[in-house]
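Structural overview
These are the residues of each chain, in order.
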Amino acid sequence: MTRAVHDNERRASEEGTLLTENSSSSSPTAESNTAAINASECCKSLSTALENGLLLIDKIQSTTDTSDTGTNSVSDRERETPLDEFVSLLHSTKERSAYLGAVRSTKFQKAHARRLFGALQPILEDVITNEYFVPISAFENDNDEEEHTHGRQDDVSNQGSTTATTTHKPSFGSNKRNSEISQVSQGSTSASVKPDPASTKALHFLKYSAMVTHAFLENQISRRKGRTGVSDHTAKNHRVYDIIEEVWSVAEMLHDNLFALNSCGREGIAVQKFIVGMCETYWKGQFTDREVLVTQLVPLLVLKTLDGNATKADIKRLWNMKETLLLLDFHEHESIAFLRSLLLRTISSPLYIKNGEGKKMIAFLFQLDASLIKDLHHSIRAQIPLAKAGILEAYGEIYVTAWKEAFANASERSKDDEMLNLNYDSTDADDMDEIQTTIEENVLQDLMYAALHASTPHMAKSVRAILEPLHNQKKNPTIDSLLYRMYSPLLWRALAAANPLVRIHASTILHTTFPLHEPNAGKTHLKEVNEKTIEVLIRLLNDGDPKVRVAGCDATVRILGVYWDALSAKHIRSLLNEVIMKHANDISSAAVRAQAVHGIALLLDAQASHGVLRPLLPLLGNLIHDSVERVRLACVKLLLKVKKLKGIKYYHVVPSNHILARLAVEGEGLRKPTGPVASALTELLLNSYFPQHVKGSEQMRRTLHFIHKSPSAARVFYANIGRHLEINNTSKLIVIMIKTIKLAINREKSYEESRRKKRNRVDDGDETLEDEEDNDTEGMEVIASNTHLMAGLADTICTVWTSISSDLIKPENINCLEFVQSSISGTTLTELCTHFEGYLTDIDSHCTKKDECDRICASLLCCAGYMSSENIEGLCEYLSTRIKTYGEATSGERDTMSLIPYLATLCSWGMENEVAASLGKSIKNAFDEIRGVYRCDFESATPSNEEGNITRSKRKQSSLHNQDENSSAIFPLIPGDAALQIIGFVISGKDVSTVTTRDAILSSDIACNAIENALENATTAADNVLTGMEKLCNDDRLSLILLACEIHGRFALHKQAFNNYPIKMSSQARDFFIWITNRVVKNLSQWKEKEDMISTMSPFQDLNLSRISAVGSRHSEVGPPLSPLPISPPRRRSNLNSSPSNMDASFISMEKRGGVEFTVTSDISSSTRSHVMAISLIKSAINIYSEWLLVGVEVTSEMRKYVLQWCQIMKHDFVKVKSELFPSFCRLAIIFGKLTFEYDLLSEVLSVFDTRHSACKGLDEIISKVIHVVLSIRDSESSKHALSFVQTLLKASEMYLNYDPETINTDLTNDADIEDLSLGKNLGLMLAVEAIMNHQKGVVLLIKMLLDHLKTGKQDNLVFSFHKNMLTLSCQKLSHAKAIRDAKVLLRAYEKNDSDDLCQYIKVATEAIS
């Protein structure tokens, strides 16, 4: 019958089925009543259930007989009647339960089963053969339906032949089966298939058939349980039970269509589950030929566990069927290739790894076959590089479980053979031994080898994580013996390997597996192992590689900590001597010192070690002052651990005065006071200086004592105290300190009152204060006149408040903020500051007490910046008064005053626009005075818009002031030079006040524009000086102009960096550099000409110089600028193994020293002043361009050309121009080289000093420092920098050779000097070459380069002679031992591989070295 005829019949049957369903649906009551009656009868007795079963058999049998006798005369619809009848009988849930219960009943005999399943078999075979259960849409999805139909019919015929033949071995080898497995794994048809009534009816028939079969199988299992009392599939029973042939046929047909159901949509998947359950029961029931029903079951179960929607229950089902995997023949790789790939996929399944049953399942896979073990192991190895710690640990547990199972299986079989005295050859026993051997040698030992020889520390750590579960069970004798067998051939050899990385890995394994011995070998063997281990540890502790020494130290202390009681006193003494006496004092490696301290801290965990370590710990105390931070941090952590121990005091290890000194130093210089060491020291001293479980008076007494005894250490301590205390306690500390200052002032007033009333005696003070605070102890007088103590107390208040300011503003801490602010207000701050400022009029201006009073006011005003607007009433008027006083003071008086704290407070309140407007107006008036239009009055200054209306800051202004917009402002003007000095302090300062002011101004466009517009006046004044128009410009005015230009450029750079990242050079700065090149440089080149020949055209008239960046005036009293970046640029990883170098700092100091020599006397002409101005502008351009490069601006060819033109100015000897510009040019040239690896500019700068007459003071020192900086660059390409620089300098030296035919072939004498080389009169290059020869790294590079030139150069010319003599001189000047050794090695290498002529020169060089 063709596929088309089948389709027509199926469509007709669908229509008939629909009609039948419609007609049957018209009488649901009758059907339901029948079902109810049958269900009730089933519940009455087992006999009733049996009759219901017989009724089912009779009905099916009658319909089957009718179908057999009238096959040719009935229609297709009538032929499907048995299927419909069977489905309708079991369609109702109640009836289905009744019928299935009858089948499960023990009264259901084999005769009944033969009749029932004999009737089901032909119907089931017809449904499967004609594929009635496959929906039509499944066939319509194929592109070639006819070809697909023939293919399916062929498959069905093959399947039918397979079904008819009963086999006892599972087979996965047919192409059809493999294709079906692939189809199931892809799941491509299930979602797109639409069900139809005919296929649905057939699928229901398959489902009910599986349910009936499942019920009968349970019937047979329950019969056995009734006889034995134990379920056979749970008991250890290997008996095989027979099954009725008809039941077997039905079960086999259902099993063989498991994969085909995957193409039947969701309904097919549902039917598939019932068939799978039936097959599982068949297997667990141990029925005959059960292995046949697992060929499709096992791949399906494995696939289900690998599905994305799989659950733990799916893995548990597979685990319960694990014995089916033992039937597989893994030697037939092609037949089970796909199933093998599925099993290997379980390795990477998260569900398996995270589930206990899944890990046991993977471990069971290791018991199947030796070849599969290797594939599983390779799959796990592929996961190791990217696996997380939890996954690696799971893999380790799987390996341990797999080995234990293999060991147990082998041991059990060995015991059974011994008991039975079996001498026959057992293949299974050999397989078990092979599995154990494979796991040990191909898996575990492979991992151990990888852990020892991994190429990276990360990979070695990952492999050790897998082995960790095995190492943790070392106390198990069998595991201990396994570790000994596996590690013995590898570990001892790795500990002596030439590769230091292998020795490091081996030392880690050594302490993990110690003692590596055979548990059953006896004490003598154990003693030998201990002796061997101690020898290895001492060898590791004295290794030449510092990383190996670190690993050896770690292994040593861990072994001592665990096996302290098991080791002899001699061994303990020798190991501790290496760690404490040698490693802790290892000057070559900071990592070794840090590990020694860390190791002793770990060793303190062993209680038995305290008696030995107690007298040795003070030997480590000096490391708290180590130059490397990680060593200091390790030492402090050691003290923290000692603090928790009984019987050892941390201040016996490191004296308290050393701890306080270290704490003070941690806050100095570039170190942050909140660094890790400072924070750890704060935690160490917390209970001593701020205990928690005492009264507030005691806390305050200790605080005052700390501030009085060590104010520097107290400042760092209280900067970190907020990290270790709750915010409630920290807020309480602030309030107590504020009240203490108030009480000190009241005490001062009471003293003054008592002195006025009773001149003859002195009052002892307020007893109440003494009772509450107990402050007059140990010679410490708590009174306002003790400004040293008050300054420390005010600094502490500011420090603590600053450390918790970000936490106080959080909503959950609002109560703490209100508590702090309630103790201090604007009026209170005004009174406190006024009181301490009163001392300023009564003391000498140079007295320390004056500085202390300024510190008190600055700290209190800093606290005011954190207060809300409601609590600062009256403080604004006070600040205005102080600013006016500062403006009215003389220049000398202003030098002793600081206005920055007042401005920082105003900026904290959002008044940065008003502050900037006042400073800008003051600067503008100063330049108006130079032009003769200065108005000498102190008018108020407020920023205004284009219409003249007053504008104000929008932040907090409504709450700060209730004044009208047109009311007079509170910021009086100050002198211009003072305003410039303040701006300079703001953009270069490091303290909290300057940082606050700088950030506030740079974040406001209005404030920046106000200052920039004022600074633009400096460009006009500079223009007049350069062109000679200003005839009366004195030194003070010249200094003012230069200072303004410097601040203008630096301010522009800070603004650009604050608002933009990455930074790009502004167009104004580029125009400035062009103007410097075309006008200023040209002006200096013609300085000897007459003044009337100087152009009167303003060089600034066509430029917008509002953002010119000029840095580095000689008269500026402003310190070196900070990095203008609001966020620091990406930093290299800090090198904690060495101290930071100070090369750059010393070089900058030389640059400043060069500037001191450039002084201008008051009696010089205006023409000279213009050239002085030009030189200053060039220096500013050099320095500002250096700053642009340092913050990340790229080097362009245009700027390179301009800089080379600037360098030509160095050839003019005017007012010691070389001395002034040389350090700045050197700094710029070094920055150029660091960024581009090109040092042409540096060689050009060095060559400007052609004679001794033109040399500046300290030239040799500066050049030597420049060479040292370049050759000491520390980055990943440091050798490339050094090589490029030496090549460039050597090439430049060849250009200045002095040709003299008589000296071409003249050899140098033993007492020759650098001047004997043919360098002519170029002093700069001579000094540079001499500096390279005196440098340890540079001289070796120079020798190598000279050898290369001699190898390829032509003899009998000046250059060749120059190279030959320079080689000899370089070898003569070798002084460093390492340089001598490297030079000899280099010369020997060239001598072996080169010609006789070169060997002659090498021989001379070698003699020069000796």
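Our subject is the structure listed above.
First, a word on scope: everything that follows refers to the structure included in this document.

Let's talk about the side chain of Asn720
Mapped onto the secondary structure, Asn720 falls in helix H35 (residues 711–720). Of the residues examined, Asn720 reaches a relative accessible area of 0% and is grouped as buried. Within the structure, the side chain of Asn720 is placed 2.7 Å from the backbone oxygen of Val716, a separation counted as a polar contact. With residues up to four places along the chain from it excluded, the contact list for Asn720 reads Pro673, Thr674, Gly675, Ala678, Ser679 and Thr682.

Section: the nonpolar core
Counting residues in each nonpolar core, the largest one holds 390 residues, and the members touching the most others are Phe1073 and Trp1206. Ignoring sequence-local partners within four residues, the contact set of Phe1073 consists of Met1065, Ala1181, Ile1184, Tyr1185, Trp1188, Met1199 and Trp1206.

Section: the pattern of salt bridges
Counted under the stated rule, the structure contains 27 salt bridges. For the salt bridge of Glu357 with Lys360, the shortest nitrogen-to-oxygen distance reads 3.7 Å. One end of the pair is Glu357 and the other is Lys360, both in helix H18 (residues 356–365) and three residues apart, which spans about a single turn. Residue Glu698 is joined to Arg701 by a salt bridge in which the shortest nitrogen-to-oxygen separation is 2.9 Å. With Glu698 and Arg701 both in helix H34 (residues 696–709) and three residues apart, the pair spans about one turn of that helix. Residue Glu698 is classed as partly exposed on the basis of its relative accessible area of 22%. Overlapping salt bridges bring together Arg632, Arg662 and Glu666 as one network.

Side note on the packing of aromatic side chains
Applying the stated rule across the entire model yields 19 aromatic pairs. Taking the centre distance of 5.8 Å and the plane angle of 50 degrees together, the rings of Phe1073 and Trp1206 count as tilted. Of this pair, Phe1073 sits in helix H52 (residues 1067–1085) while Trp1206 is found in helix H55 (residues 1197–1207), placing the two residues 133 residues apart along the sequence. Trp1206 matches Phe1073 in its accessibility class, with the two residues each being buried. Feature note: the residues Tyr689, Phe706, Phe717 and Tyr718 constitute an aromatic cluster, connected by ring pairs. Sitting over the face of the ring of Tyr241, Arg224 holds its NZ or CZ atom 3.7 Å from the ring centroid.

Describing helix H45 (residues 912–930)
The first and last C-alpha atoms of H45 sit 28 Å apart over 19 residues, in line with the 27 Å expected at 1.5 Å per residue. When you tally the buried positions in H45, you get 16 out of 19 residues, the bulk of the element.

Some points on unusual backbone geometry
Both trends apply: most residues other than glycine have a negative phi, and most peptide bonds are in trans. For the peptide bond that leads from Phe514 to Pro515, omega is -10 degrees, which places it in the cis range. For Glu131, which is not a glycine, the phi torsion comes out positive at approximately 55 degrees. Residue position: Glu131 is located in the loop between helix H7 (110–129) and helix H8 (136–140). A positive phi angle, close to 60 degrees, is found at Gln286, a residue other than glycine. As for its position among the elements, Gln286 is in the loop between helix H13 (265–284) and helix H14 (297–306). In this structure Gln286 comes out as buried when scored by relative accessible area, which is 7%.

With respect to the environment of Ala363
As for its position among the elements, Ala363 is in helix H18. Setting aside its immediate chain neighbours within four residues, Ala363 contacts Ile398, Thr401, Ala402 and Glu405.

Some details on helix H56 (residues 1217–1236)
Because the α-helix completes a turn every 3.6 residues, residues three or four places apart line up on one side. Over its 20 residues, H56 extends 27 Å from the first C-alpha to the last, a length consistent with the 28 Å expected when each residue adds 1.5 Å. At Pro1223, H56 is deflected by roughly 25 degrees, the largest bend along its length. Counting buried residues in H56 gives 17 out of 20 residues, a clear majority hidden from the surface.

Thoughts on the environment of Arg662
Note on placement: Arg662 falls in helix H32 (residues 656–665). Judged by relative accessible area, Arg662 falls into the buried class, the value being 5%. For the pair Arg662 and Val677, spaced 15 residues apart in sequence, the C-alpha separation works out to 9.2 Å.

Let's talk about the side chain of Glu1046
Along the chain, Glu1046 falls in helix H51 (residues 1035–1059). Of the polar contacts made by the side chain of Glu1046, one reaches the side chain of Arg1050; its length is 2.9 Å.

Remarks on the packing of helix H30 (residues 629–643) against helix H33 (residues 676–689)
At a minimum axis distance of 9 Å, the contact between H30 and H33 shows a crossing angle of 20 degrees. Taken together, the axis directions place H30 and H33 in an arrangement best described as roughly parallel. Taken as a pair, H30 and H33 cross one another with a handedness that is left-handed. The segment H30 lies against H33, with Glu629, Arg632, Leu633, Val636, Leu639, Leu640 and Lys643 engaging Pro676, Val677, Ala680, Leu681, Glu683, Leu684 and Asn687. Of the residues belonging to the contact of H30 with H33, the class tally is nine nonpolar, one polar and four charged.

Conventions adopted
Note that residues are indexed from 1 along each chain, following the sequence as it is written. For this predicted model, a pLDDT threshold of at least 70 governs which residues receive local features, and a threshold of 80 or more governs which side-chain atom pairs are given and counted, while totals over whole chains, interfaces and linings are taken from all residues. With hydrogens and water excluded, all non-hydrogen atoms of the structure serve as input to the side-chain values. Counting from the N terminus, the helices are DSSP H or I runs at least four residues long and the strands are E runs at least two residues long. Only protein chains enter the accessibility calculation, which uses a 1.4 Å probe; a residue is then buried when its area is under 20% of its type maximum, exposed when over 50%, and partly exposed in between. Under this definition, polar contacts are N or O atom pairs within 3.5 Å; protein pairs additionally need one hydrogen-donor-capable and one acceptor-capable atom, and for neighbouring residues in sequence, both atoms have to be side-chain atoms. By the convention used here, residues are in contact when the closest approach between their heavy atoms is within 4.5 Å. We call a set of buried residues a nonpolar core when its members are Ala, Val, Leu, Ile, Met, Phe, Trp, Tyr or Cys and they connect through side-chain atoms within 4.5 Å of each other. By convention in these notes, a salt bridge is any Lys or Arg side-chain nitrogen within 4 Å of a carboxyl oxygen on Asp or Glu. Two aromatic rings, drawn from Phe, Tyr or Trp (for Trp, its six-membered ring), form a pair once their centres lie within 6.5 Å of each other, and the interplanar angle then sorts them: stacked below 30 degrees, edge-to-face above 60, tilted otherwise. For a Lys NZ or an Arg CZ to count as sitting over a ring, it must be within 6 Å of the ring centre and within 35 degrees of the ring normal. One less than the residue count of a helix, multiplied by 1.5 Å, gives the span that helix is expected to have. The term bend refers to the angle at a residue between two fitted axes, each drawn through seven residues, those ending there and those starting there. Axis angles are defined between N-to-C directions and span 0 to 180 degrees, where every axis is a line fitted to C-alpha atoms and, for a helix, only to the segment in contact. Any angle that is under 35 degrees is reported as roughly parallel, and any over 145 degrees as roughly antiparallel; angles of 65 to 115 degrees are reported as roughly perpendicular and all others as oblique. Each crossing gets its handedness from the near helix: less than a right angle anticlockwise from the far helix is left-handed, clockwise is right-handed. Each residue receives one of three labels: charged for Asp, Glu, Lys and Arg, nonpolar for Ala, Val, Leu, Ile, Met, Phe, Trp, Tyr, Cys and Pro, and polar for the others, Gly being one of them.

Function cannot be inferred from these measures alone, as they are strictly geometric.
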